[in-house]
Amino acid sequence: VTALEKIVSKPGDNATLSCIYRGKLHLKSLLVYWQIVDDQDQCSVVHALISGQDNEKEQCTHFKNRTQLFWDRLEEGNFSLLLLNVSQSDEHTYKCVVLQKSEYTKRIHQADVALSLAASYSQPILRGPIRNNSEEEVTFSCRSDNGYPEPNVYWINKTDNSHLPSKLEITHHANGTYSVLSTLKVKASPNMQIECSIENKILQENLSANYTQQKQSNDSITQSPKNLEKKQRGAQAVGIISIVILIGVLVAVTCWLRSRRLRSSKLVSYTGNE
């Protein structure tokens, strides 16, 4: 009975499948085979080491020039396999079988390794609400990039924790990862609380982005972040202009008062001389 080791690798990275034998051995008398357990019809030999030498004759085409043993560790009983540039088609359960030749061939070691691919998605970016042609409906969008495998995307109404129906677009990149763009259309309400959630089951990751709208005095929909930013900039500009005008008025009044005082002092001086 062998324990099943589970490893997770990112698409495009290299993965090491472990196989370590603890005991005395002579490489010349060994046969080491790496095979696929769950789909032997597709490929029976991933890598083979016979009498201390690689044997590529039996190796499946899919793995040609993509597998390596650690030659400086073989005499220590380390028959781990380095699998290069892993992709979706490499997601299998593999087994390492070590056979010893003497009077008869016997198995002295076996190791099973399950390879899964996964990559974390980026923090989702939520945009909206954007008014549609009908003022009763608004649109939200949620985007997340460079993850694997395809995620589960949920829209949640946080006021009652109900799931909301949405549309999903998935883009498959050349490096094997995915990007997702989900669109939600909902009826406008004065107190919306919306959450977009991106779930990666293999990594047990759940990333979310939230939108919360406070009820307005005129019961209107809160403007989109861009519109709010424009309004804030406009308010700041009006404030600055008002301050500049006020300073100008104060300067003018001060100058007028000084001029009046000078006139008064000159008049008093002239009268005294009389």
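Residues numbered from 1 in each chain as written. Predicted model: local features only at pLDDT ≥ 70, side-chain atom pairs only at ≥ 80, totals over all residues. Heavy atoms only, no water.

- Under an unreviewed UniProt entry, the name given to the chain is ICOSL protein, and the organism recorded is Ramphastos sulfuratus.
- Of the comments in the UniProt record for the chain, the one headed Subcellular location (unreviewed entry) reads "Membrane". (UniProt positions renumbered as here; feature names shortened; annotations may be inferred.)

### Section: the overall build of the chain
Inference 1: Summing up its helical and strand segments, the chain has one helix and 17 strands in all.
Inference 2: Looking at the chain residue by residue over its 274 residues, the buried ones come to 37%.
Inference 3: Nonlocal contacts in the chain, meaning residues at least 24 apart in sequence, comprise 59% of its contacts between residues at least 6 apart.
Inference 4: About 17500 Å² of surface is accessible on the chain, with carbon and sulfur atoms providing 50% of the total. (Helix = DSSP H or I, 4+ residues; strand = E, 2+ residues; numbered from the N terminus. Buried < 20%, exposed > 50% of the residue type's maximum accessible area, 1.4 Å probe, protein only. Contact = heavy atoms within 4.5 Å. Areas by Shrake-Rupley, 256 points an atom, 1.4 Å probe, with all protein chains shown as cover.)

### With respect to the state of the cysteines
Inference 1: One pass over the structure, following the stated rule, counts two disulfides.
Inference 2: Cys19 shares a disulfide with Cys96; S-S distance 2.1 Å. Where Cys19 bonds to Cys96 through sulfur, the torsion about that S-S bond is close to -60 degrees, and the disulfide is left-handed. Here the residue Cys19 occupies a position in the loop between β2 (15-17) and β3 (30-36), and Cys96 occupies one in strand β8 (residues 93-101), the gap between them amounting to 77 residues.
Inference 3: One disulfide in the model links Cys142 with Cys196; its S-S distance is 2.0 Å. Looking along the S-S bond of the Cys142-Cys196 disulfide, the torsion reads about -80 degrees, which is the left-handed sense. Taken together, the residues span a long stretch of sequence, with Cys142 in strand β11 (residues 137-147) and Cys196 in strand β16 (residues 193-200) at a distance of 54 residues. Comparing Cys142 with Cys196, the two get one shared label, buried. (Disulfide = S-S within 2.5 Å.)

### Re the pairing of β11
Inference 1: Summarising the sheet, strand β10 (residues 125-131) and β11 pair through five bridges and their orientation is antiparallel. Bridged to Ile125 within β11 is Arg143.
Inference 2: Strand direction decides the pairing type here: β11 and strand β15 (residues 178-187), joined by nine bridges, are antiparallel. Looking at β15, one finds that Glu137 is bridged to Lys187. (Pairing = 2+ DSSP bridges.)

### Description of the sheet that holds strand β14 (residues 167-172)
Inference 1: The strand order across the open sheet built from four strands is β10-β11-β15-β14, with neighbouring strands paired in antiparallel fashion. The sheet is open, and its two borders are formed by β10 and β14, each paired with just one other strand. For this sheet the average axis-to-axis angle between neighbouring strands, irrespective of direction, equals 15 degrees. (Axes fitted to C-alpha atoms, helices over the stretch in contact; angles between N-to-C directions.)

### Overview of the packing of aromatic side chains
Inference 1: Under the definition given, this model contains four aromatic pairs.
Inference 2: With 5.8 Å between their ring centres and 20 degrees between their planes, Tyr148 and Tyr178 make a pair best called stacked. Taken together, the residues Tyr148 in the loop between β11 and β12 (152-157) and Tyr178 in strand β15 connect sequence positions 30 residues apart. Accessibility classification places Tyr148 together with Tyr178 in one group, the buried group.
Inference 3: Of the aromatic side chains, those joined through ring pairs into one cluster are Phe140, Trp155 and Tyr211.
Inference 4: The ring of Phe70 carries the charged tip of Arg73 above its face, separated from the ring centre by 4.6 Å. (Phe/Tyr/Trp six-rings, centres within 6.5 Å; stacked < 30°, edge-to-face > 60°. Lys NZ or Arg CZ within 6 Å of the ring centre and 35° of its normal.)

### Some thoughts on the sheet that holds strand β17 (residues 205-212)
Inference 1: Overall, antiparallel pairing links the four strands, which are arranged β13-β12-β16-β17 in an open sheet. What marks the edges here is a single partner per strand, and that holds for β13 (162-163) and β17.
Inference 2: Sheet analysis places β16 next to β17, joined by eight bridges and oriented antiparallel. Its bridge partner lying in β17, Gln193 is registered against Thr212.

### Concerning the environment of Ser189
Inference 1: With respect to the secondary-structure elements, Ser189 resides in the loop between β15 and β16.
Inference 2: Residues Ser189 and Glu137 lie 52 residues apart in sequence; the distance between their C-alpha atoms is 8.8 Å.

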